[in-house]
Amino acid sequence: MSNLIVPASGPVTRRSFFSTSTKFAAGAAALSTLPVERFVHGASPGDTIKIALVGMGGRGSGAADQALSTGESVKLVAVADVHKDRMDGSLAQLGSKHKNKVQVKDENKFMGFDAYKKAIAQADLVILATPPGFRPMQFEEAVRQGKHVFMEKPVCVDVAGYKKVIAAAAEAKKKNLKVGVGLQRHHQLGYLETMKRLHDGELGEIQAMRAYWNGNTPWVKTRASLEQQYGRKLTELEYQMRNWYYFVWVCGDHICEQHIHNLDVINWVKRGHPVKARGNGGCETRKGPDYGEIFDHHVVEFTYEDGSVCFSQCRHQLGCWNDVSEHAIGTKGVCNISGHTIRGEKSWRFRDDAKKAKNPYQQEHDDLFAAIRNDTPYNEAEYGANSSMTSVLGRMATYSGKEITWDKALESNLDTMVKGIDQVPWEQAIRLTPPSVPGSDGMYKLAVPGKTTFG
Ligand SMILES: NC(=O)c1ccc[n+]([C@@H]2O[C@H](COP(=O)([O-])OP(=O)(O)OC[C@H]3O[C@@H](n4cnc5c(N)ncnc54)[C@H](O)[C@@H]3O)[C@@H](O)[C@H]2O)c1
């Protein structure tokens, strides 16, 4: 752990933010022995907001592009990744689109599992877009260093991570840091208009909901193709880092990685999180050593505090019916939330006649940067954490086959992260043993409902 200066808790004004930021920058510079430039932003549109990007894959590059598109006075000054090819590709892509705004000196390109700390130290705002297992430690560090954050969903993949994010979210509030979470439906006009009607009671009492992410396998990096690319054998951890989608400690399973979007919408409808879950799941069709330890389907029934129930499905199987959507059934009608329509006593359909709806990926950055510039409250971390934990709860229910309450899940303290991974140099870290390793047949053990414990 570092000896960074931690400011006293309590609300911070925009002016005092400048000074605490300066102290942080100084502390961080001492820590990393890196020079930190002036650290001023906020009040006037002309003040430059300096960004660091941690995790330079598809979404990280997209998020950085959107952040750089929020206005003229934004620049990318530091980056961090664990794979040089991803860093080079992302910088080339961003540099070609935002020539003058990508100003990353060589000494501000950081590699390795601890690179995030050094990149965060250079910036006013950090974009966290690694695989989600790393999010809690990185978010905690960003808040500790007093930086604004945009972090991708999910924000955790286990209970220990959830608790870390909830604690850091509260600390961020005290420090007046702005935090955006990549659950972009909250910034999508059609969803906002629909949700307003549901919250205004136009559907009556909402008694049941449905949520789906049924689709195909997103991508896979086979061990054979990776070893060909590297020209050598990979350590198990190196392999799992490249093929991260299929391992719980980094990805959380697809119920966390994708289905969170739909579960988050249902939590938004209910303005809370479920109190219990029960479900079924398994891996029927997507079998093989390169598909790791995750299931290819989960079917979960989530119960909310008021007794209403959400029936949820997510599936990665080829040749089946596909659907990504959310629905609500109330005493006065039914709503296709993702389709932005209501049928019932007050039928309605969202129409964007004024063409006001922006791409939600851009809108979420516009909203976050406006909050930073105008110093308005902005903290999406708590609902982001609750939606992420809803997915974790669902996975615990399908893996164990048990009915699990929210409270029991939290008691479990499930912690899947590889211990000390960001405390040792890369060469040592890639020799650490991940939680799941293949057997002699190359296959990973999957959870067995009825036998696997959820904690
Ligand atoms: N909001 C959305 O609609 C949306 C869409 C796509 C992805 N995402 C989320 O974005 C995140 C990233 O997804 P992606 O598709 O960009 O994945 P990706 O594999 O393309 O990118 C991940 C990047 O992180 C790097 N990385 C891995 N571990 C790291 C570490 N410890 N420190 C620094 N860098 C590290 C990788 O090398 C890679 O460059 C995921 O959480 C995903 O769920 C959100």
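Residues numbered from 1 in each chain as written. Predicted model: local features only at pLDDT ≥ 70, side-chain atom pairs only at ≥ 80, totals over all residues.

### Thoughts on the packing of helix 12 (residues 260-270) against helix 14 (residues 381-400)
Part 1: Interaxial distance between helix 12 and helix 14 falls to 9 Å at its minimum, and their mutual angle equals 120 degrees. In this structure, the crossing between helix 12 and helix 14 has a hand that is right-handed. When helix 12 is examined against helix 14, the residues I260, L263, D264 and N267 are found in contact with a partner set consisting of Y383, N386, S387, S388, T390 and S391.
Part 2: Partitioning the contact of helix 12 with helix 14 into residue classes produces three nonpolar, six polar and one charged. (Axes fitted to C-alpha atoms, helices over the stretch in contact; angles between N-to-C directions. Helix = DSSP H or I, 4+ residues; strand = E, 2+ residues; numbered from the N terminus. Left-handed = near helix turned anticlockwise from the far one by under 90°. Contact = placed C-beta atoms within 7 Å. Nonpolar A, V, L, I, M, F, W, Y, C, P; charged D, E, K, R; others polar.)

### Quick word on the sheet that holds strand 9 (residues 297-303)
Part 1: Strand order across the open sheet formed by nine strands is 14-13-12-11-7-10-9-8-15, with mixed pairing between neighbours. Both edges of this open sheet fall to strand 14 (348-349) and strand 15 (404-405), since each of them pairs with a single strand only.
Part 2: In this structure, strand 13 (residues 341-344) lies alongside strand 14, joined through two bridges in antiparallel fashion. Bridge assignment links T341 to a residue of strand 14, and that residue is R349.
Part 3: Running over the sheet, helix 7 (residues 189-199) touches strand 7 (206-215), strand 11 (323-330), strand 12 (333-336), strand 13 and strand 14 and is turned about 155 degrees from strand 12.
Part 4: Its contacts with the sheet place helix 12 against strand 7, strand 10 (309-316) and strand 11, and it is angled at close to 165 degrees to strand 7. (Pairing = 2+ DSSP bridges.)

### Re the domain arrangement of the protein chain
Part 1: In terms of domains, the protein chain is made up of domain 1 (14-185) and domain 2 (190-356 + 381-429).
Part 2: The C-alpha centroid of domain 2 is placed 25 Å from the C-alpha centroid of domain 1.
Part 3: In this assembly, 25 residues from domain 1 lie in contact with 35 residues from domain 2.
Part 4: For the side of domain 1 that touches domain 2, the leading source of residues is helix 6 (residues 159-174), giving seven residues. (Domains from an automatic or database assignment.)

### Here's the deal with helix 3 (residues 84-97)
Part 1: Relative to the 20 Å expected for 14 residues at 1.5 Å per residue, helix 3 spans 20 Å between its end C-alpha atoms, a close match to the ideal helical length.
Part 2: When we look at burial in helix 3, the residues that qualify are M87, S90, L91 and L94. What you see down the axis of helix 3 is that its buried residues fit within an arc of 100 degrees, all on one side. Opposite the packed face of helix 3, turned more than 90 degrees from it, sit the exposed residues D85, A92 and S96.
Part 3: Buried residues belonging to helix 3 abut helix 2 (58-68), strand 2 (74-81) and strand 3 (109-111). (Expected span 1.5 Å × (residues − 1). Buried ≥ 20, exposed ≤ 12 C-beta atoms within 10 Å, placed from the backbone. Arc of directions from axis to C-beta.)

### Quick notes on the site of the ligand
Part 1: Residues in contact with the ligand amount to 25 residues; listed here are only the nearest, G55, G57, R59, R86 and E152.
Part 2: Those elements that provide at least two residues to the shell around the ligand are helix 2, strand 2 and helix 4 (115-121).
Part 3: Residue contributions to the shell around the ligand peak at three residues, all from helix 2.
Part 4: Classifying every residue of the shell around the ligand by side-chain character gives eleven nonpolar, eight polar and six charged. (Near = placed C-beta within 6 Å.)

### Description of the nonpolar core
Part 1: Formed by 114 residues in total, the largest nonpolar core has its most connected members in I51, A52, V79, A119, V126 and I127.
Part 2: Residue contacts for V79: discarding those within four places in its chain leaves A52, L53, M56, M87, L91, V104, K109, F110 and A119. (Core = buried A, V, L, I, M, F, W, Y, C linked by C-beta atoms within 7 Å.)

### Digging into the environment of D296
Part 1: Residue position: D296 is located in the loop between strand 8 (276-282) and strand 9.
Part 2: Classification of D296 by C-beta neighbours within 10 Å gives buried; the count is 21.
Part 3: Distance from D296 to E205, taken between C-alpha atoms, is 34 Å for residues 91 residues apart in sequence.
Part 4: Look past the residues within four positions of D296 in its chain and what remains in contact with it is C283, E284, T285, R286, R315, H316 and Q317.

### Regarding unusual backbone geometry
Backbone phi values are negative for most residues with the exception of glycine, while trans is the configuration of most peptide bonds.
Part 1: For the bond from K153 to P154, the omega torsion is -25 degrees, close enough to zero to count as cis.
Part 2: The residue P154 is located in the loop between strand 5 (148-151) and helix 6 in this model.
Part 3: A positive phi angle, near 50 degrees, is found at R271, a position not held by glycine.
Part 4: Backbone geometry at D375 places phi at a positive 50 degrees, although glycine is not the residue there.
Part 5: Tracing the sequence through the fold places D375 in the loop between helix 13 (360-374) and helix 14.

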